[in-house]
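Chain by chain, the residues:
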Amino acid sequence: MDQSDKADNKKSFLMWRHTDSIFIKCLYMLAISSALTIGLVTYKSTHATEMVANESILKIGTEVTRQLASRNLAPLQFRKSDDISQILQSSVDEMSGSASGALVMALDGEVLAEEFLDGESPDLALEAVRAALDSGETVINAERLVIAIPMYIGADRRLIGAIGFDWRSDVLYEIAGAQNRNSLLLATGLGIVMLVVVGFLIRRMVAKPLLAVANAMNEVAKGNYDVEIPKYRRGNEIGIVARALEQFRDQLAASDAARKDAAMKSAALDAGSAAIMIADANLDIVYASSAVLDLLHDHKELISERSEGFDPESVVGQPIETFQLDASMERGKLEAIGEEGYDASLEMGGVTLSLKLSKIDGEDGVRIGYVMEWADVTEERLNSAVLESLDT
């Protein structure tokens, strides 16, 4: 990599770091949209996970509580509190901290056994068990995940009591929360990877081409019309900009070449002895050589008698009528002159100035201006008059 390439890369890097960079703004918008998308998906996922977790926990909890009720039917029937306590204790221990405790209440309202972890209150379980005894149906406190099931025996389904199981919702929700955090980390990681990939693509497909076009534009602005315009697919926007820049460069190059050509011709005319003026299509003077200005300065006073306030230095930009030529030099006739041109003269105070006017037509035949060649023919006219008088 040469020094110019390194300089371009450094310049590009600094431009991308600028807060007004389109590349940085695209990354900002992409990051914001990715964050919003990840947040929305995570929220929906968390909500859905909690709902599924609740349903699963209630379903599993109800089934476990039913099995526990079946195991306690015989001890409850004979009111064997120790056996019931042993079954409840083993069941709570098997839950590995997922249950706060359990209790069994007889039909008369006596709590035959209750086993709860240290610091856990049986109040919600008691409330649910009493409700199950009163209604004869399963009672579920979904907020706390307390399940109470009435216990029946015999073919006639005689109600003898109820069992309540209090699940530790905080532990179960912590498990669900851990799963949600894992999902969030995964979504965030995928979002970062997507941001990097899309950022790389934006840099490669948008930012880098735009910088290349901008660098080429800067070179054109400096007058380097030989700079190569980056070539991109002509169907996209950057290709359209590049093509417009290429056309603009070619037009500027042509204009610059024309300007230099005009400057050289002007210099050649100024260096020559011919007294030349150039007028545009409207017969307004746009150029006067040094020789013609000297000629006009020599006869300034006489010309001022015909054209008040005449100043040779301000002749450029003035109409040809400033010189008040003879009546035959009318604008309509000048506009209609042919290939042979038009001759006129300006006589004043014994001085005669001749004017040879030729048309300038463009390649399409449209009139673009006139060339006027001036000459002081006073002495020539005087010599001709002397010769004519001698002949006679």
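For the structure, check the block above.
Given the structure is predicted, the values throughout are model-derived calculations rather than measurements.

Thresholds, definitions, all that
Residues numbered from 1 in each chain as written. Predicted model: local features only at pLDDT ≥ 70, side-chain atom pairs only at ≥ 80, totals over all residues. Heavy atoms only, no water. Helix = DSSP H or I, 4+ residues; strand = E, 2+ residues; numbered from the N terminus. Buried < 20%, exposed > 50% of the residue type's maximum accessible area, 1.4 Å probe, protein only. Contact = heavy atoms within 4.5 Å. Areas by Shrake-Rupley, 256 points an atom, 1.4 Å probe, with all protein chains shown as cover. Salt bridge = Lys/Arg side-chain N within 4 Å of Asp/Glu carboxyl O. Patch = residues over 30% accessible without salt bridge, like charges linked within 9 Å, V, L, I, M, F, W, Y side chains within 5 Å. Core = buried A, V, L, I, M, F, W, Y, C linked by side-chain atoms within 4.5 Å. Phe/Tyr/Trp six-rings, centres within 6.5 Å; stacked < 30°, edge-to-face > 60°. Lys NZ or Arg CZ within 6 Å of the ring centre and 35° of its normal. Pairing = 2+ DSSP bridges. Axes fitted to C-alpha atoms, helices over the stretch in contact; angles between N-to-C directions. Lys, Arg positive; Asp, Glu negative; His and termini not counted. Charge placed at Lys NZ, Arg CZ, Asp CG, Glu CD.

Colleague: Residue-level account of the overall build of the chain, with values.
Modeller: Within the chain, the regular secondary structure consists of eleven helices and ten strands. In the chain, which comprises 392 residues, the share counted as buried stands at 33%. Taking the contacts inside the chain whose residues are at least 6 apart along the sequence as the reference set, 49% of them involve residues at least 24 apart. Element-wise, carbon and sulfur atoms account for 56% of the exposed surface of the chain, whose accessible area totals about 23,500 Å².

Colleague: Can you explain the side chain of Thr65? Please cite residues and give values.
Modeller: Of note, Thr65 is situated in helix H2 (residues 22-71). For Thr65, a relative accessible area of 0% puts it in the buried group. Discounting residues that sit within four places of it in the chain, Thr65 has contacts with Ile147, Ile149, Ile163, Phe165 and Trp167.

Colleague: Talk me through the pattern of salt bridges; I want residue IDs and the actual numbers.
Modeller: On inspection of all chains with the given rule, the structure shows eight salt bridges. Among the ionic pairs, Lys222 bridges to Glu219, the shortest N-O distance being 3.9 Å. By relative accessible area, Lys222 is classed as exposed at 67%. For Lys356, the salt bridge is made with Asp343, and the minimal N-O distance between the two is 3.7 Å. Here Lys356 is found in strand S9 (residues 351-361), whereas its partner Asp343 is found in strand S8 (residues 342-348), with 13 residues between them in sequence.

Colleague: Can you explain a nonpolar patch on the surface? Please cite residues and give values.
Modeller: Taken together, the side chains of Val193, Val197, Phe200, Leu201, Met205, Val206 and Leu210 define a hydrophobic patch exposed on the protein surface, amounting to about 590 Å² of accessible area. Relative to the elements of secondary structure, Val197 occurs in helix H6 (residues 169-221).

Colleague: Pulling in residues and values, what's your account of the environment of Gly136?
Modeller: Among the structural elements, Gly136 can be located in the loop between helix H5 (123-135) and strand S3 (139-141). Spatially, the C-alpha atoms of Gly136 and Ile149 are 8.2 Å apart, while their sequence positions differ by 13 residues.

Colleague: Summarise the nonpolar core; cite the residues concerned and give the values.
Modeller: Note on soluble globular proteins: their nonpolar side chains tend to be buried together. Counting 27 residues, the largest nonpolar core has Met277, Phe323, Leu353, Met372 and Trp374 as the members making the most contacts within it. Of all the secondary-structure elements, those providing two or more residues to this core are strand S6 (275-280), strand S7 (285-288), helix H8 (290-298), S8, S9 and strand S10 (367-376). With 21 residues, the next largest nonpolar core counts Ala99, Ala102, Ile153 and Trp167 among its residues.

Colleague: Any chance you could break down the packing of aromatic side chains for me, citing the residues and the numbers?
Modeller: Scanning the model with the defined rule gives zero aromatic pairs in all. Between Arg157 and the ring centre of Tyr152, over which it is positioned, the NZ or CZ distance is 4.3 Å.

Colleague: Tell me about the sheet that holds strand S1 (residues 99-106), and name the residues and values.
Modeller: As summarised here, the arrangement of the five strands in space is S2-S1-S5-S4-S3, forming an open sheet in which the pairing is antiparallel. Looking at strand neighbours, the two that pair on one side only are strand S2 (111-116) and S3, the edges of this open sheet. On average, adjacent strands in this sheet sit at an angle of 10 degrees to one another, irrespective of strand direction. Pairing of S1 with strand S5 (residues 158-167) involves seven bridges; the strand directions are antiparallel. Looking at the pairing, Ala106 lines up with Gly161 of S5.

Colleague: Which residues make up the pairing of S9, and what are the values?
Modeller: Bridge count between S8 and S9: seven bridges; the pairing is antiparallel. Opposite Ser345, over in S9, you have Ser354 as the bridge partner. Note: S9 against S10, nine bridges, orientation antiparallel. Paired with Lys356 across the two strands is Glu373, which belongs to S10.

Colleague: So what about a negative patch on the surface? Which residues, and what values?
Modeller: A cluster of acidic residues, Asp294, Asp298, Asp376 and Glu379, forms a negative patch on the protein surface. Mapping Asp294 onto the fold places it in helix H8.

Colleague: Which residues make up unusual backbone geometry, and what values do they have?
Modeller: One non-glycine residue, Arg79, lies in the positive phi region at around 55 degrees. Tracing the backbone shows Arg79 in the loop between helix H3 (73-77) and helix H4 (81-94). Phi is positive for Arg157, which is not a glycine, with a value near 50 degrees. Inspection of the secondary structure assignment puts Arg157 in the loop between strand S4 (146-153) and S5. For Arg157, a relative accessible area of 54% gives the class exposed.

Colleague: For the sheet that holds S6, give the residues involved together with the corresponding values.
Modeller: Pairing is antiparallel in the open sheet, where five strands are placed in the order S7-S6-S10-S9-S8. At either margin of the open sheet sits one strand with a lone partner, and together these are S7 and S8. Ignoring strand direction, the axes of neighbouring strands in this sheet form an average angle of 25 degrees. Sheet contacts for H8: S6, S7, S9 and S10; angle to S6, the most-contacted strand, approximately 105 degrees.

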